[in-house]
Amino acid sequence: MANETLTNIAKELSDLDKKHYLHPLTPPKLQYEHGPPIIVSEGKGVRVKDVNGETYIDGMSMLWNVNLGHGQEELGEAAKEQMTKLAFSSSFNGYSHEPAIRLAEKITTLTPGDLNVVFFTSGGSEANDTAFKLVRYYWKQKGQPNRKKIISLSRSYHGVAQGATSATGIKEFNSIVSSKAPDFLHAEPHLLECERGDRDNKNYDKSVRGIVEQEGAENIAAIILEPIMGAGGLMIPPEGYLQALRDLCDEKDILMITDEIICGFGRTGEQFGIDNWNVVPDMLTFAKGITSGYIPLGGVVMREKIRDQFVETDDVLFHGFTYSGHPTSCAVALKNLEILERDNVLENVKKMEEVFKAELKKLEENHPHVTKTRTIGLLGAFELYEDRDSEKQFDPEVGAAFQVVNECFDRKLILRFINWNGSNIVAIAPPLIVNEEEMKEIFSVTDEALTVFENSLK
């Protein structure tokens, strides 16, 4: 009877979902016809349970964001305590409250260099759009309003707001709109020698430096990049690349923005992805891990020189969101950061990184189509090729990465496939509190899924 009840509830919810819920990043027709593949009801640690009572390993921290894992009661208690005291208060007109003040100060103790001023948003897309507006306002205040162009990287992902979509270098995200925001340019990623000034390189014109020279540095407001590209395929930059871009920005007087929305707050084993290369940007955007996804929050941290330019005028800063500095979100974030430190979570990330690397190596040794394994902290991936020696890609109709991730899902493991431009990448990013036994369970299921996929090719 209990199983029948669960089945009836699942069917009711699925039918309601199909009728009333338009999902993000989902084929609407598929959703409308078939409903959700999973309806999650609860979670604990690295696992979630669906409405049918089936338990899954969350190998992606949902959307790279549930850093402390599911079911952290302290975060719920922090929200309840704040909501019963002061659920909401505006930050407009200079109004303030303690959680936002304390969180802003706490964040600046974690950020590198003199990134000491915080502007809060509701999430990552808003954070990046805010950064774009603020860098342009900065140059306007300095008497250089012509500096308005933003350079991002092909295959980068910066969100789905209008500016963030235009900065995103994955063409599929731009296909939904008939026009993009102006003054966004895209460079090819990781052209290290070009960024160091090798003008004889055949790709020089496609590099950040090449584009700066073509457009004129006097017209460039900023460059934005993810320290490690997430949705673009877990692309880790070559050693020296981020420093080369920092040097270029210093040379040409251009602002450097790092998008830390996936990498921030421990995902890479450091507080921020950029810390792995000891580079200090002029602005840093964050979201996701700041609250472990328990409540929406994002923001921009900027160097003092940027804020100082703003305070030279009596003008109102005509930018902000109703929920900028939401007190409940800030209270949850403070507790989240407290737990990260108290429980030595970053130490666990570095320890599990070694297990991650070893397990990825085993996959490459045991499966002929697996190659280009990579990881930094608890952010990793592998690629699938029909012939890895010649880097011959699978026919898109095979849907290699999709098949492997689907086989994992059938075995109660949630991973993510990435297949931009014919690539077949499987991404893995478990919660930062994952232990060795759970890591090995993730890879045991992945190993089985790869075997099933390989047998299907015979």
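Enquirer: What exactly am I supposed to notice about the sheet that holds strand S14 (residues 416-418) here?
Expert: Whether parallel or antiparallel, the strands of a sheet pair through hydrogen bonds between backbone atoms. A sheet is described by the order of its strands in space; here four strands give the open sequence S11-S12-S15-S14, paired in antiparallel fashion. With partners counted over all chains shown, the strands left at the sheet margins are strand S11 (370-376) and S14, one partner each. Between one strand axis and the next, the sheet turns by 20° as a mean value, whatever way the strands run. Strand direction decides the pairing type here: strand S12 (residues 379-384) and strand S15 (residues 425-428), joined by four bridges, are antiparallel. Looking at S15, one finds that glutamate 383 is bridged to isoleucine 425. Where helix H16 (residues 436-456) meets the sheet, it contacts S11, S12 and S15, and its direction lies at approximately 10° from that of S12.

Enquirer: Explain the side chain of glutamate 195 to me, please; I cannot follow it from the model alone.
Expert: Positionally, glutamate 195 belongs in helix H9 (residues 192-195). One buried charged residue, glutamate 195, remains without a salt bridge, the closest side chain of opposite sign being arginine 209 at 5.1 Å. A polar contact is formed between the side chain of glutamate 195 and the backbone nitrogen of arginine 209, at a distance of 2.9 Å. Apart from residues no more than four positions distant in its own chain, glutamate 195 is found in contact with Ser207, Val208, Arg209, Tyr241, Ala244, Leu245 and Leu248.

Enquirer: In this structure, what is going on with the side chain of threonine 291? I would like to understand it.
Expert: Among the structural elements, threonine 291 can be located in the loop between strand S9 (283-286) and strand S10 (298-303). By relative accessible area, which is 1% here, threonine 291 ends up buried. Apart from residues lying up to four places away in sequence, threonine 291 is in contact with Leu75, Leu297, Ser329, Val332, Ala333 and Asn336.

Enquirer: Help me understand the pairing of S11, please; the structure alone is not making it clear to me.
Expert: Across the seven residues that make up S11, a large majority, five, are buried. Counted along the chain from S11 to the antiparallel partner S12, the turn is two residues long, and its residue glycine 377 has a positive phi close to 65°.

Enquirer: Before we go on, may I ask you to explain the packing of aromatic side chains in this structure?
Expert: Aromatic ring pairs: the centre-centre distance and the angle between the two ring planes describe each pair. If you walk through the whole model with that rule in mind, you get 13 aromatic pairs. On the basis of an interplanar angle of 70° and a centroid distance of 5.0 Å, the ring pair of tyrosine 138 and tryptophan 139 is categorised as edge-to-face. Its relative accessible area of 5% is what places tyrosine 138 among the buried residues. The exposure class of tryptophan 139 is buried, given its relative accessible area of 0%. When the ring of phenylalanine 356 is compared with that of phenylalanine 443, the centres are 5.7 Å apart and the planes differ by 65°; the resulting orientation is edge-to-face. Of the two residues, phenylalanine 356 sits in helix H14 (residues 345-366) while phenylalanine 443 sits in helix H16, which places them 87 residues apart along the sequence. With relative accessibility at 0%, the residue phenylalanine 356 sits in the buried group. Of the residues examined, phenylalanine 443 reaches a relative accessible area of 2% and is grouped as buried. One aromatic cluster in this structure is built from Phe120, Phe265, Phe272 and Phe286. Between the NZ or CZ atom of arginine 147 and the centre of the ring of tryptophan 139, over which it lies, the distance is 4.4 Å.

What counts and what doesn't
- Numbers given to residues run from 1 along each chain, matching the order in which its sequence is written.
- Restriction of local features to residues with pLDDT of at least 70 applies here, the model being predicted, together with a cutoff of 80 or more for giving and counting side-chain atom pairs; totals for whole chains, interfaces and linings are based on all residues.
- The basis for every side-chain value is the complete set of heavy atoms in the structure, and neither hydrogens nor water enter the calculation.
- For two strands to be treated as a pair, DSSP must find at least two bridges joining them.
- Strands here are runs of E lasting at least two residues and helices are runs of H or I lasting at least four, both read from the DSSP assignment and numbered beginning at the N terminus.
- Axis definition: a line fit to C-alpha positions, over the contact stretch in the case of helices; interaxial angles, taken between N-to-C directions, run 0 to 180 degrees.
- Here, two residues are considered to be in contact whenever any of their heavy atoms come within 4.5 Å of each other.
- Only protein chains enter the accessibility calculation, which uses a 1.4 Å probe; a residue is then buried when its area is under 20% of its type maximum, exposed when over 50%, and partly exposed in between.
- Charge assignment in this entry is limited to Lys and Arg as positive and Asp and Glu as negative, and neither His nor the chain termini are counted.
- Within this document, salt bridges are pairs made up of a side-chain nitrogen of Lys or Arg and a carboxyl oxygen of Asp or Glu, the two lying within 4 Å of each other.
- Here a polar contact is recorded for every N or O atom pair within 3.5 Å, except that within protein the pair must consist of a potential hydrogen donor and a potential acceptor, and residues adjacent in sequence are included only if both atoms are side-chain atoms.
- Ring pairs are drawn from Phe, Tyr and Trp, using the six-membered ring of Trp, whenever the two centres fall within 6.5 Å, and their geometry is named by plane angle: stacked under 30 degrees, edge-to-face over 60, tilted for the rest.
- In our convention, an over-ring charge means Lys NZ or Arg CZ found within 6 Å of a ring centre and within 35 degrees of that ring's normal.

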